[in-house]
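# Structural description and commentary
Below, each chain spelled out in residue letters.
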Amino acid sequence: MAISVALKALAAAAAGIVLGMLLTWASVSLFAFGTVKDGPWRTSLTVGSPQSGPYLRAYVALHGLFALKRSEAIYYDATHDSDGGRLNGACIYRVAGRDPDAAWWSLTAYGADDFLIPNAARRYSVSTESVMRRGDNSFVITVSQRQGGANWIAAGNGPFSLTLRLYHPGAAVAADPAKAALPEIRKESCR
Amino acid sequence: MNGFFERNWMYVAIAAALALAVHAATLVGLPDAAMARALDMLAADGGYNTLTHAPRADANSRKIVRPSPDLLYSACPFDLDKAHGALRVYARVPRGTYWSVSVFDAHTDNIFVENNRQARGGKVDFVIVGPKSGLIDGGAAHAPPQVYSPTTKGLVLFRTLIDDEANLPGIDAARRQASCGTYSDGGM
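Residues numbered from 1 in each chain as written. Chains lettered and ligands numbered in written order. Predicted model: local features only at pLDDT ≥ 70, side-chain atom pairs only at ≥ 80, totals over all residues. Heavy atoms only, no water.

## Details of the overall build of chain A
- Helix and strand counts for chain A come out as three helices and ten strands.
- Secondary structure elements in chain A, listed N-terminal to C-terminal, are α-β-β-α-β-β-β-β-β-β-β-α-β.
- The principal-axis extent of the C-alpha atoms belonging to chain A is close to 80 × 40 × 30 Å.
- A total of 191 residues make up chain A; the buried ones form 49% of that total.
- In chain A, the share of contacts with a sequence separation of at least 24, taken over all contacts with a separation of at least 6, comes to 69%.
- As displayed, chain A has an accessible area near 8,800 Å², and 60% of this comes from carbon and sulfur atoms.
- Side-chain charges in chain A split into 19 positive and 14 negative, and the spacing between the mean points of these groups amounts to 6 Å. (Helix = DSSP H or I, 4+ residues; strand = E, 2+ residues; numbered from the N terminus. Buried < 20%, exposed > 50% of the residue type's maximum accessible area, 1.4 Å probe, protein only. Contact = heavy atoms within 4.5 Å. Areas by Shrake-Rupley, 256 points an atom, 1.4 Å probe, with all protein chains shown as cover. Lys, Arg positive; Asp, Glu negative; His and termini not counted. Charge placed at Lys NZ, Arg CZ, Asp CG, Glu CD.)

## With respect to the sheet that holds strand β8 (residues 152-154) of chain A
Residue and element names in this part refer to chain A.
- If you walk across this open sheet you meet the four strands as β8-β7-β4-β10, and the pairing is mixed. Two strands lie at the open edges of the sheet, namely β8 and β10 (184-190), each paired on one side alone. Averaged over all pairs of adjacent strands, the angle between strand axes in this sheet comes to 25°, irrespective of strand direction.
- In this sheet, strand β7 (residues 138-144) lies alongside strand β4 (residues 91-98) in antiparallel orientation, the contact comprising six bridges. (Pairing = 2+ DSSP bridges. Axes fitted to C-alpha atoms, helices over the stretch in contact; angles between N-to-C directions.)

## Concerning the nonpolar core
- In this structure, F66, L68 and Y167 of chain A together with M35, L71, L155 and L157 of chain B are the most contacted members of the largest nonpolar core, which totals 32 residues.
- Listed by contribution, the elements that provide at least two residues to this core are α2 (53-63) and β3 (73-78) of chain A together with α1 (2-46), β2 (71-79) and β8 (153-161) of chain B.
- Element by element, the count of residues in this core is highest for α1 of chain B, at seven residues.
- Filtering out sequence-adjacent residues up to four positions away, F66 of chain A remains in contact with Y75 of chain A together with M35, A38, L42, I64, F104, L155, L157 and R159 of chain B.
- One finds I74, V95, A109 and V143 of chain A within the second-largest nonpolar core, a separate group that totals 27 residues. (Core = buried A, V, L, I, M, F, W, Y, C linked by side-chain atoms within 4.5 Å.)

## Examining the interface of chain B and chain A
- Between chain B and chain A, the contact holds 48 residues from the first and 56 residues from the second.
- Where chain B abuts chain A, roughly 4,400 Å² becomes buried across the two surfaces, and 65% of that area is made up of carbon and sulfur atoms.
- Where chain B touches chain A, the interface holds four salt bridges.
- Across the pair D58 of chain B and R122 of chain A runs a salt bridge whose closest N-O atoms are separated by 3.3 Å. (Buried area = accessible area lost by both parts, 1.4 Å probe. Salt bridge = Lys/Arg side-chain N within 4 Å of Asp/Glu carboxyl O.)

## A few points about the state of the cysteines
- Taken as a whole and assessed by the stated rule, the structure comprises two disulfides over all chains.
- Put simply, C91 of chain A and C190 of chain A are joined by a disulfide, and their sulfur atoms are 2.0 Å apart. The disulfide joining C91 of chain A to C190 of chain A has a torsion of about 95° about its S-S bond and is therefore right-handed. Residue C91 of chain A is found in strand β4, and its partner C190 of chain A is found in strand β10; the two are separated by 99 residues along the sequence.
- Note on cysteine connectivity: C76 of chain B is disulfide-linked to C180 of chain B, with sulfurs 2.0 Å apart. Across the S-S bond of C76 of chain B and C180 of chain B the torsion is about -55°, and the bridge reads as left-handed. Taken together, the positions of C76 of chain B in strand β2 and C180 of chain B in strand β9 (residues 179-182) put the pair 104 residues apart, joining distant regions of the chain.
- A relative accessible area of 0% means that C76 of chain B is categorised as buried.
- The buried category is assigned to C180 of chain B, whose relative accessible area is 9%. (Disulfide = S-S within 2.5 Å.)

## Describing the domain arrangement of chain A
- Taken domain by domain, chain A holds domain 1 (1-31) and domain 2 (33-190).
- The straight-line distance from the C-alpha centre of domain 1 of chain A to that of domain 2 of chain A is 36 Å. (Domains from an automatic or database assignment.)

## Concerning the pattern of salt bridges
- With the rule as written, the count across this model stands at 16 salt bridges over all chains.
- The salt bridge involving R133 of chain A is made with D99 of chain A; its shortest N-O contact spans 2.7 Å. Of the two residues, R133 of chain A sits in the loop between β6 (125-127) and β7 while D99 of chain A sits in the loop between β4 and β5 (102-111), which places them 34 residues apart along the sequence.
- Each of D77 and D114 of chain A together with R66 of chain B takes part in salt bridges that share partners, so that together they form one network.

## Points about unusual backbone geometry
- Non-glycine residue D114 of chain A carries a positive phi angle of around 70°.
- Residue placement: D114 of chain A occurs in the loop between β5 and β6.
- What makes D114 of chain A buried here is its relative accessible area of 9%.
- Even without a glycine there, the phi angle at N49 of chain B is positive, about 60°.
- On the basis of relative accessible area, N49 of chain B is assigned to the buried category, the value being 10%.

## Some points on the sheet that holds β9 of chain B
Residues and elements named next belong to chain B.
- Strand order in this open sheet of four strands is β7-β6-β3-β9, and the pairing throughout is mixed. The open sheet is flanked by β7 (146-148) and β9, the only strands paired with a single partner. Going across the sheet, the axis of each strand differs from the next one's by a mean of 25°, ignoring polarity.
- Pairing of strand β6 (residues 123-129) with β7 involves three bridges; the strand directions are parallel.

Below is the structure:
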């Protein structure tokens, strides 16, 4: 009887510990509490500041250590395209739009491990300086495993994510990052 | 199902209470643990209170998640206990490109940032003080301003934008003029 009670208590304790850790993982990585959405892009209103709260602080610790405050830079992350599909290297994506309202911006792809994706061409990002614009100042950036022209960022094999960095964002963007005019992410085709 | 809960309500309560406690502990401990790990990894290059200049980020850069390949990073992990309570940071601002110096405490909070638009006279010069020293007597009127860090450990991070590939050697040389070290007797 005593052994049965002890075993049950042990099982309950083990279940509690696992459940607690799962709860943390789910709240931080799955639901990204403390962030706002703008199309396929997600950003935080308080990243880097003491007001960020425990959920956002934990999210930043895992996915964006040393992020700056909103007045200095805004980081938009996307793990899904504009239609809600998970970004995956098996597909070709077109990131289309116009320059976001900022002194400088860049678009970078990261693997599921949150590091830059290895590729022989070393094409990790496209920025204000390197993007090729069309006659009407709009641009289309291809994100794919295979070489995709001048505006190309290499994707890896599996799931990946994109980060759009806006340094010295315009006043309207800084005031309400959820309403910024940002490029859309469209899936073109898949293998 | 109801019978299970009635018979085992005490164990269910133990599991639920422990789950909440572990959730709260991991949530609060995660940023500090991630920061401590990052600081130790960065300090492995040159030690604490020393500025090191990372090569341009690529797929082999595995110390800090989501680095930008368009920026050059220089980092000074600090430990105010080892700096006698105060650390001086000085840099001349490179011209014509985005540049910033930021300070993060051990909880991951960005407690200070100054960029190329804000820096007066084309330079930044400040002293980081911590909870043990508090604000220090700056002495002379021209003593550098002080930044208070709520934790004794943290990071000073310089970002310089590579605005043009052709400018990379010049930008790299310019960032190496910055310094970060123990502040004593009003000087470095």
